[in-house]
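The residues making up each chain are set out below.
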Amino acid sequence: MSSIPSLCSPMSALARLVGDTPVTWIGEPFAPPWQGFWAKLEGVNPGGLKDRAALHIVERARDRGELAPGAMLVESTSGTFGLGLALAGTVYGHPVTVVTDPGMEAMVHRLLASYGARIDIVEQPHPEGGWQRARLDRVAQLLDLHAGSYCPQQYDNPDNVAAYAGLARELEHQLGRIDVLVCSVGTGGHSAGVAAALRQHNARLRLVGVDATGSAIFGQPARPRLMRGLGSSIHPRNVAHGAFDEVHWVAPHEAVWACRTLAATHYTTGGWSVGAVTVVASWLARTHPPGTRIAAVFPDGPARYYTTVYDDTYCTRHDLLGRPPAEDPDEIKYPTEAEATGWTRMEMR
């Protein structure tokens, strides 16, 4: 990154911890012998997948003169981008304020505070846009209160998309040809950025999006959601709708089953997005011809989910245990045909 302080400085060394993440093979019991998919383990980054976007957005804003030295960074987040922004604030010397809601896990809250970020919690969801809209409204208030502060606008900033070209290059180096790319969809940044870069060398790449039930991104009605990190009650402009070949909606109990099964069989796991992506990528591995090379992005690791995905009391309270996904998803032709309450697939083109 061109504007990181000195190449031999401690802050430059910290930034270089981001990227060059490994891939691992996910096979049985998710797919028959000799079939499966490759998982890109973004949880190896200090804060997860969105470290890449936070560093890149801040760097580019500084390069353009939009972000002055020492100015405050203010952003809405459910957690992962906040961790990345705290890292970027440390690297570039900016105070960070993250706006979140009561659903943020205690571990993430405490980590952000330990990293020096200020946490601003909204108390009520927006009547139409839910917690996400309430957080964005609070961000606007804080930007007005603090002259010179800067919002990365992860939902709409094209720098969020451009940040993932490096991830695409890593996948090409690690796997060579990729036929199918599977990504969770929240802000839309990594699905758009990785697919666009990979399609420069393989125009026939299929992009499969994984959304949460209750998310409005692909035209379903917005509902309260347990899962964080994927899905949205608003419509982020970074979602490249025309780039997707198909989209799947996955429910929380299906993601929990996948996360726990991954842990028990592969010593690899993560949070809601990882579970949902695994449900879809493993089905693609089972239904595509042998030899199809499928890559899936695992955005984070399991640590922040010890009070949700990996907590039996929490999962029992929300009826999430012992409910594996069906062998195949339900199918709809357009988003208003039926509301997805469990694993559902829709072809986009």
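Residues numbered from 1 in each chain as written. Predicted model: local features only at pLDDT ≥ 70, side-chain atom pairs only at ≥ 80, totals over all residues. Heavy atoms only, no water.

Within an unreviewed UniProt entry, the label attached to the protein chain reads Pyridoxal-phosphate dependent enzyme, and the organism entered is Nonomuraea phyllanthi.

Draft legend 1. Expanded view of the side chain of R345. Along the chain, the position of R345 falls in strand β11 (residues 344-347). Overall, the relative accessible area of 10% leaves R345 in the buried class. Among the polar contacts listed, one links the side chain of R345 to the side chain of E246, at a separation of 2.8 Å. Look past the residues within four positions of R345 in its chain and what remains in contact with it is E246, V247, H248, W283, P329, D330, E331 and I332. (Helix = DSSP H or I, 4+ residues; strand = E, 2+ residues; numbered from the N terminus. Buried < 20%, exposed > 50% of the residue type's maximum accessible area, 1.4 Å probe, protein only. Polar contact = N/O pair within 3.5 Å; in protein donor to acceptor, adjacent residues only side chain to side chain. Contact = heavy atoms within 4.5 Å.)

Draft legend 2. Molecular detail of helix α7 (residues 165-175). Of the residues making up α7, those classed as buried are G166, L167, A168, E170, L171 and L175. After α7 finishes, the residue G176 shows a positive phi value of roughly 70°.

Draft legend 3. Representation of the packing of α7 against helix α8 (residues 189-199) in the model. Between α7 and α8, whose axes approach to 8 Å, the crossing angle comes to 50°. Here α7 is positioned oblique relative to α8, judged by the angle of their axes. As α7 packs across α8, the resulting crossing turns out to be right-handed. Facing α7, whose interface residues are A165, L167, A168, L171 and E172, α8 presents V194, A197 and L198. Across the contact of α7 with α8, the residue classes break down as seven nonpolar, no polar and one charged. (Axes fitted to C-alpha atoms, helices over the stretch in contact; angles between N-to-C directions. Parallel < 35°, antiparallel > 145°, perpendicular 65-115°, else oblique. Left-handed = near helix turned anticlockwise from the far one by under 90°. Nonpolar A, V, L, I, M, F, W, Y, C, P; charged D, E, K, R; others polar.)

Draft legend 4. Region of the structure containing the domain arrangement of the protein chain. Each assigned domain of the protein chain is listed with its residue range as follows: domain 1 (10-44 + 164-347) and domain 2 (49-145). Taking the mean C-alpha position of each, domain 1 and domain 2 sit 24 Å from one another. Contact residues are listed per partner, giving 30 residues for domain 1 and 25 residues for domain 2. Buried area between domain 1 and domain 2, summed over both chains or domains, comes out near 2,100 Å², and the portion from carbon and sulfur atoms is 56%. If you sort the residues of domain 1 by the area they bury against domain 2, Y164, R228 and R304 come out on top, with a joint share of 33%. Inspection of the region where domain 1 meets domain 2 yields four salt bridges. As a salt-bridge pair, D101 and R228 come within 3.2 Å of each other at their nearest N and O atoms. Inspection of the domain 1/domain 2 interface yields eleven residue pairs in polar contact (both at pLDDT 80 or more). Looking at the side of domain 1 that touches domain 2, the elements with two or more residues in it are α1 (10-15) and α7. (Domains from an automatic or database assignment. Buried area = accessible area lost by both parts, 1.4 Å probe. Salt bridge = Lys/Arg side-chain N within 4 Å of Asp/Glu carboxyl O.)

Draft legend 5. Here's a closer look at the UniProt feature "domain: Tryptophan synthase beta chain-like PALP" (unreviewed entry) in the protein chain. Per the UniProt record, "domain: Tryptophan synthase beta chain-like PALP" (unreviewed entry) is annotated on residues 17-300. Along residues 17-300 the backbone is 38% helical and 15% strand, and the end-to-end C-alpha distance reaches 15 Å. (UniProt positions renumbered as here; feature names shortened; annotations may be inferred.)

Draft legend 6. Seen up close, the sheet that holds strand β6 (residues 180-184). The eight strands are arranged β1-β2-β9-β6-β7-β8-β11-β10 in an open sheet whose pairing can be described as mixed. Each edge of the open sheet is held by one strand with a lone partner, namely β1 (23-26) and β10 (330-331). One ladder, built from five bridges, connects strand β7 (residues 206-212) with strand β8 (residues 246-250); its direction is parallel. Bridge pairing in β8 links V210 to H248. Together, β2 (37-41), β6, β7, β8, β9 (294-298) and β11 form the strand contacts of helix α10 (residues 272-287), whose direction differs from that of β9 by roughly 175°. (Pairing = 2+ DSSP bridges.)

Draft legend 7. Quick look at the environment of G188. Considering the arrangement of structural elements, one finds G188 in the loop between β6 and α8. It is 4.1 Å that separates the C-alpha atoms of G188 and V239, two residues lying 51 residues apart in sequence. Among residues more than four places away in sequence, those in contact with G188 are N238 and V239.

Draft legend 8. Broad picture of the nonpolar core. By size, the foremost hydrophobic cluster in this structure holds 56 residues, and its most contacted members are L55, L112, L171, L181, V194 and F218. Broken down by element, this core gets its largest block of residues, eight residues, from helix α3 (residues 80-92). Here this core gathers at least three residues from each of two domains, domain 1 (10-44 + 164-347) and domain 2 (49-145). Counting 38 residues, the second-largest nonpolar core is a separate cluster that includes L230, L262, W272 and A296. (Core = buried A, V, L, I, M, F, W, Y, C linked by side-chain atoms within 4.5 Å.)

Draft legend 9. Representation of the environment of G275 in the model. Here G275 lies in helix α10. According to the relative accessible area criterion, G275 is buried, its value standing at 0%. Sequence spacing of G275 and H201 is 74 residues, and the spatial spacing of their C-alpha atoms is 29 Å. In contact with G275, other than residues within four places in its own chain, are A255, A258 and C259.

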